Amino acid sequence: MSAADNLCKRRVVALCGGIGGAKLALGLSRLLGGDLMVVVNTGDDFDHLGLAISPDLDTVMYTLAGLDDPQRGWGRRDETWTFMAALAALGGETWFALGDGDLATHVERTRRRAAGETLSAVTADFCRRLGIAARVLPMSDDGVRTRLRTDAGWLDFQDYFVRRRCAPRVLEVTYDGAASARPHADVLAALADPRLRAVVICPSNPFLSIEPILAVAGLREAIAHAAAPVTAVSPIIGARAVKGPTAKMMSELGVEVSATAVARRYRDLLDGYVLDRADAGEAAELGIPVTAAHTLMASLTDREELARQVLASADALTKATA
Ligand code: FO1
């Protein structure tokens, strides 16, 4: 492929969920700016206190805008909690913490959705106002809800994840509404665009963040036919999840807790896989090109460096098949 051709192949579509995925999305956004489209999981969305809440969209938006809270990974930094204290005094539900700044996001999104705006239109305007160059889109404007069958019965996502702190034993995960949800037209267009350079599956929980996106009608097929290599980054390092319930869920669902076990879940889509150096020994099993990298993203430099390596591995795949 000539340099000129390579120049025109410059757009990247990244699939991501919450905290881990958002870190790589930030690294990619610093390299790509407006050439990046981030497709975000909305299976965690729910109505709470009368508010339409989209946690993963907010985590990605705050992270790309540099407003995220580095300790929690969700919500805004330098947050105040006057609303929550007043709510507690009134006997309101306080198990899902809403900071005062974060509350504005939920209140304004709820108002605009009630006025008929789509989730993607509201998200685009919020991102514009926050100075975010990348395109951030929900996986669909139609409702999809992740629900979990557990030893405590069927649970909505946030009930499992926050209220019960991922304690129940997970027996099954479903994505209600996904089969009839439509991918956003701009996502399908980006995947079919000949200028597409890569599709990146970010290091998010496969069951809670990536598979809800792949379950949206037509999206898995559109990715399979994308005009560019598909690369995933492992969310597991040394048989342990970096954060959250991924490892616990994998063992409860009878899936081996390893980087390659995650890759096997999307193996039909993958042209390449990036795993941590700690798991480099597993590389041969997959039968696709594997890049060993430093995947623990503690600093901004780590995020950018991993993004650079992911793009370099995708470009190498493009050259190899040119
Ligand atoms: N996670 C928690 O563990 N406790 C919370 O109180 C909490 C509140 C919260 C508020 C807004 C928001 O966007 C996210 C929030 N999260 C909270 C995280 C959220 O449950 C997860 O980020 C995603 O749903 C999974 O990635």
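Preceding this paragraph is the structure being described.
Cut-offs used in this document
- Residues numbered from 1 in each chain as written.
- Predicted model: local features only at pLDDT ≥ 70, side-chain atom pairs only at ≥ 80, totals over all residues.
- Heavy atoms only, no water.
- Pairing = 2+ DSSP bridges.
- Helix = DSSP H or I, 4+ residues; strand = E, 2+ residues; numbered from the N terminus.
- Axes fitted to C-alpha atoms, helices over the stretch in contact; angles between N-to-C directions.
- Contact = heavy atoms within 4.5 Å.
- Expected span 1.5 Å × (residues − 1).
- Polar contact = N/O pair within 3.5 Å; in protein donor to acceptor, adjacent residues only side chain to side chain.
- Near = heavy atom within 4 Å.
- Areas by Shrake-Rupley, 256 points an atom, 1.4 Å probe, with all protein chains shown as cover.
- 1 Å grid on protein atoms, 1.4 Å probe; cavity = no way out; pocket = protein on both sides within 12 Å on 5 of 7 lines; lining within 4 Å.
- Sits in = over half its atoms within 2 Å of the grid points.

### Observations regarding the sheet that holds strand β7 (residues 153–156)
A sheet is described by the order of its strands in space; here three strands give the open sequence β7-β6-β8, paired in antiparallel fashion. Where the open sheet ends on each side, the last strands, each with one partner, are β7 and β8 (170–176). Mean inter-strand twist for the sheet, computed between neighbouring axes without regard to direction, equals 25°. As defined by bridge partners, strand β6 (residues 145–150) adjoins β8 across six bridges and the pair is classed as antiparallel. From the neighbouring strand, L148 faces β8, where its bridge partner is V173. Packing of helix α9 (residues 206–215) onto the sheet brings it into contact with β6 and β8, and relative to β8 it is tilted by some 40°.

### So, helix α13 (residues 300–321)
Its 22 residues place the ends of α13 32 Å apart at the C-alpha level, agreeing with the 32 Å of an ideal helix rising 1.5 Å per residue. The secondary structure elements touched by the buried residues of α13 are β1 (11–16), α2 (19–32), β9 (196–201), β10 (230–233), β13 (272–276) and β14 (290–293). Sitting at the amino-terminal end of α13 is S299, which places a side-chain oxygen 3.3 Å from the backbone nitrogen of T301.

### Details of the site of the ligand
Residues in contact with the ligand amount to 13 residues; listed here are only the nearest, D44, D56, F96, A97 and Q158. Between an oxygen atom of the ligand and a side-chain N or O atom of D56, the distance comes to 3.1 Å. In the environment of the ligand, an oxygen atom lies 2.9 Å from a nitrogen or oxygen atom belonging to the backbone of A97. Compared with its free state, where it exposes 530 Å², the ligand has 91% of that area covered by protein. Applying the majority rule of atoms within 2 Å of the grid points places the ligand in the largest pocket. Contributing elements (two or more residues each) for the shell around the ligand: α3 (55–64) and α7 (157–163).

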